[in-house]
Amino acid sequence: MTLDTLPSPAPSAPVFPPGFLWGTATAAYQIEGAAAEGGRTPSIWDTFSRTPGKVRNGDTGDIAADHYHRFRDDVALMADLGLSAYRFSLAWPRVVPGGSGPVNPEGLAFYDRLVDALLEKDITPVATLYHWDLPQELEDAGGWTERATAERFAEYAAAAARRLGDRVGMWTTLNEPWCSAFLGYGNGVHAPGRTDHGDALRAHHHLMLAHGLGTAALRAELPAAAQVSLVLNLAAVRAAGTTPADLDAARRIDGLANRIFLDPVFHGRYPEDVLADTAHLLDWDALVRDGDLAEISRPLDALGINYYTPTLVAAAEDGDAVRRTGPRGDNHAGELTPWPASEGVRFLPAPGTRTAMDWPVDADGLYEILTRLRDELPGTPLVVTENGAAYDDYTDPSGEVHDPERVAYLHAHLAAVARAAADGADVRGYFLWSLLDNFEWAYGYGKRFGIVHVDFASQRRTPKDSARWYAEVIRSGVLPED
Ligand code: IFM
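Residues numbered from 1 in each chain as written. Predicted model: local features only at pLDDT ≥ 70, side-chain atom pairs only at ≥ 80, totals over all residues. Heavy atoms only, no water.

(A) Looking closely at the site of the ligand. Around the ligand sit 13 residues in total, of which Gln30, His131, Glu386, Glu440 and Trp441 are the nearest. Residue Gln30 places a side-chain N or O atom 2.7 Å away from an oxygen atom belonging to the ligand. The residue makeup of the shell around the ligand, split by class, is 6 nonpolar, 3 polar and 4 charged. (Near = heavy atom within 4 Å. Polar contact = N/O pair within 3.5 Å; in protein donor to acceptor, adjacent residues only side chain to side chain. Nonpolar A, V, L, I, M, F, W, Y, C, P; charged D, E, K, R; others polar.)

Okay, structure coming up:
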């Protein structure tokens, strides 16, 4: 099944069209473990998680959900759920240890086995090349603030496509470059933990360039029918008030969350207002070389959208110390903001019930993003590449995990997807985050996003009620009544 063969949904089409991709998503560092096996070398997350105070409880991805050893069981679980697709990421330091030089046959062999196991079960593999695990050696050489990192990424992309391209037809270059740039280099809550807003913007441009060079490298290696995409955590930005200052706060954050990605990738330019807002932080003219934007704006086959919660902003008030530190709405007084040039912006808690991440639940935000893209990027197929929620799940005495809040969350968000599709958004699939409980970055193992519970001591997997609910939605192709 490829995106091209899917029918475009008409306003009168059933809720989820036949051929809609039903998936789950994961990422290498969050589930694989086997950090020092098979020739893998450290990534920035191995280093960061070993740095005292950076990850809750001192957790690391050393073992994670041990997927490296248990992938066959995990694929069997996916088959039981009836998934038609699975979105996973490749660990760059497994495929190209150290980030440059020869590829590691043992690293590629792991993904060979995974892909073959998926195909045996008729599950479409969707490969993401970069979900945040930059080889440490590349960070030591300057990381994403250096242009050379983008060039190394393209080499890695080519190597992966050369090996897996005969069986993997759907590829994504980067996952959520906003997080890599702004959390990694802006406020440092993610690896590599650097805190310079100029560096965050330099990292942003080189990530965009990596996407462009990587897209070219993939196209050169892959069959013509292969699909190449980018995954963005676009934000549904709302102004809390209607004063010019509130509206300007929303413009500024929309620029840094959305337009700084969409404009270069789809229109070959950076937004003028963002360039002006941030001009005191870096020399954009020196950073962006002739030809970069043409490279970055190579045509794509789809855009992936990761959505969890909306973003509510207002003009900052005098003495306002509230800064948004997390990627999606968590406020911590006095901490450094990831957002460059956002001194005039205050982040407010959006209304709604909260997940265990303290993220407000608001499915309308997903509808807003999908219909905005319908209007702004006509002709670009959309895929919801991540959506889901963490709750404080536990196995009850009978060994079951009841997670009604997650079912309600998924129901509301799938309804939003269906509504957007009915209103003309060309949505081709939905990938639930996540298949398994996993390493939730700076939160360690304390936050459970899986529809399958993982007991990290025994590695026992227990499908939660939400897994059964999702399987039934996939089987029937319709959402049950509330
Ligand atoms: O766990 C992350 C994932 O790695 C990227 N998107 C958001 C998820 C939940 O925070």
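(B) Representation of helix 5 (residues 105-120) in the model. An ideal rise of 1.5 Å per residue puts 22 Å on 16 residues; helix 5 measures up with 22 Å between its terminal C-alpha atoms. Gly107, Leu108, Ala109, Phe110, Tyr111, Asp112, Leu114, Val115, Ala117 and Leu118 are the residues of helix 5 that are buried. Looking at the packing, one finds that the buried side of helix 5 touches helix 1 (28-31), helix 3 (67-81), strand 2 (85-89), helix 4 (92-95), strand 3 (124-130) and helix 7 (147-164). One or two positions beyond helix 5, positive phi appears at Asp122, with a value near 60 degrees. (Helix = DSSP H or I, 4+ residues; strand = E, 2+ residues; numbered from the N terminus. Expected span 1.5 Å × (residues − 1). Buried < 20%, exposed > 50% of the residue type's maximum accessible area, 1.4 Å probe, protein only. Contact = heavy atoms within 4.5 Å.)

(C) Region of interest: the sheet that holds strand 12 (residues 382-386). Pairing is parallel in the closed barrel, where 8 strands are placed in the order 1-2-3-4-5-7-12-13. Strand after strand, the sheet turns through a mean of 25 degrees between neighbouring axes, direction not considered. Alignment of strand 1 (residues 21-25) against strand 13 (residues 427-433), held across 5 bridges, turns out to be parallel. Within strand 13, the position partnered with Ala25 by the bridge is Trp433. (Pairing = 2+ DSSP bridges. Axes fitted to C-alpha atoms, helices over the stretch in contact; angles between N-to-C directions.)

(D) Fine view of helix 3. The terminal C-alpha atoms of helix 3 lie 17 Å apart, and with 15 residues this falls more than 12% below the ideal 21 Å at 1.5 Å per residue. For helix 3, the principal kink sits at Asp73 and spans about 40 degrees. Buried within helix 3 we find His67, Tyr68, Phe71, Asp74, Val75, Leu77, Met78 and Leu81. (Bend = angle between axes of the 7 residues up to and from the residue.)

(E) The nonpolar core, seen in detail. Ranked by size, the top nonpolar core spans 158 residues in total, and within it Trp45, Leu90, Tyr111, Trp144, Trp171, Leu370 and Tyr470 carry the most contacts. Top element by residues in this core is helix 9 (residues 197-221). It accounts for 10 residues. Beyond its immediate stretch of four places on either side in the chain, Tyr470 contacts Trp22, Gly23, Thr24, Leu83, Leu414, Tyr430, Leu432 and Ile451. (Core = buried A, V, L, I, M, F, W, Y, C linked by side-chain atoms within 4.5 Å.)

(F) Inspection of the sheet that holds strand 11 (residues 345-348) at higher detail. The strand order across the open sheet built from 3 strands is 6-8-11, with neighbouring strands paired in mixed fashion. Only two strands of the sheet have a single neighbouring strand rather than two, namely strand 6 (237-239) and strand 11. Strand-to-strand, the axes of this sheet are offset by a mean angle of 40 degrees, without reference to chain direction. Sheet topology note: the strand 8 (residues 311-315)/strand 11 ladder contains 4 bridges and is antiparallel. Across the sheet, Ala314 pairs through a bridge with Arg346, a residue of strand 11.

(G) Structural context of the side chain of Asp74. Following the sequence through the fold, Asp74 ends up in helix 3. Taking the relative accessible area as the measure of exposure, Asp74 reaches 0% and is therefore buried. If we skip the residues at most four places from it in the chain, Asp74 touches His67, Leu435, Leu436 and Arg461.

(H) Examining the packing of aromatic side chains more closely. One pass over the structure, following the stated rule, counts 32 aromatic pairs. Considering the side-chain rings of Trp22 and Tyr470, the 6.0 Å spacing of their centres and the 75 degrees angle between planes classify their relative orientation as edge-to-face. With a gap of 448 residues between them, Trp22 in strand 1 and Tyr470 in helix 16 (residues 465-476) connect regions that are remote in the sequence. Overall, the relative accessible area of 5% leaves Trp22 in the buried class. Judged by relative accessible area, Tyr470 falls into the buried class, the value being 0%. Ring centres 4.9 Å apart and planes at 70 degrees place the aromatic pair Phe110 and Tyr111 in the edge-to-face group. Overall, Phe110 belongs to the buried group, its relative accessible area being 0%. Since its relative accessible area comes to 0%, Tyr111 is described here as buried. Through a chain of ring-to-ring contacts, the aromatic side chains of Tyr29, Trp45, Phe48, Trp132, Phe439, Trp441, Tyr445 and Phe456 assemble into a single cluster. (Phe/Tyr/Trp six-rings, centres within 6.5 Å; stacked < 30°, edge-to-face > 60°.)

(I) Inspection of the side chain of Asp277 at higher detail. Following the sequence through the fold, Asp277 ends up in helix 11 (residues 272-277). A polar contact is formed between the side chain of Asp277 and the side chain of Arg251, at a distance of 3.1 Å. In contact with Asp277, not counting residues within four places along its chain, are Arg251, Arg252 and Ala341.

(J) A look at the pairing of strand 8. Within strand 8, 5 of the 5 residues are buried, which leaves the element mostly enclosed by the surrounding structure. As paired elements, strand 6 and strand 8 share 3 bridges and run parallel to each other. For Val237, the partnering residue across the bridge sits in strand 8 and is Thr311.

(K) Spatial organisation of unusual backbone geometry. Backbone torsion omega between Ala191 and Pro192 reads 10 degrees, so that peptide bond is classified as cis. Along the chain, the position of Pro192 falls in the loop between helix 8 (177-183) and helix 9. For the peptide bond that leads from Trp433 to Ser434, omega is 15 degrees, which places it in the cis range. For Ala34, which is not a glycine, the phi torsion comes out positive at approximately 50 degrees. Take Ala34: it is sitting in the loop between helix 1 and helix 2 (44-49). On the accessibility criterion, Ala34 (6% relative accessible area) is buried. One non-glycine residue with positive phi stands out, namely Gln459, at about 65 degrees. Examined against the element boundaries, Gln459 turns out to sit in the loop between strand 14 (452-455) and strand 15 (460-463). The buried category is assigned to Gln459, whose relative accessible area is 7%.

Purely geometric stuff here, so don't read any function into it on its own.
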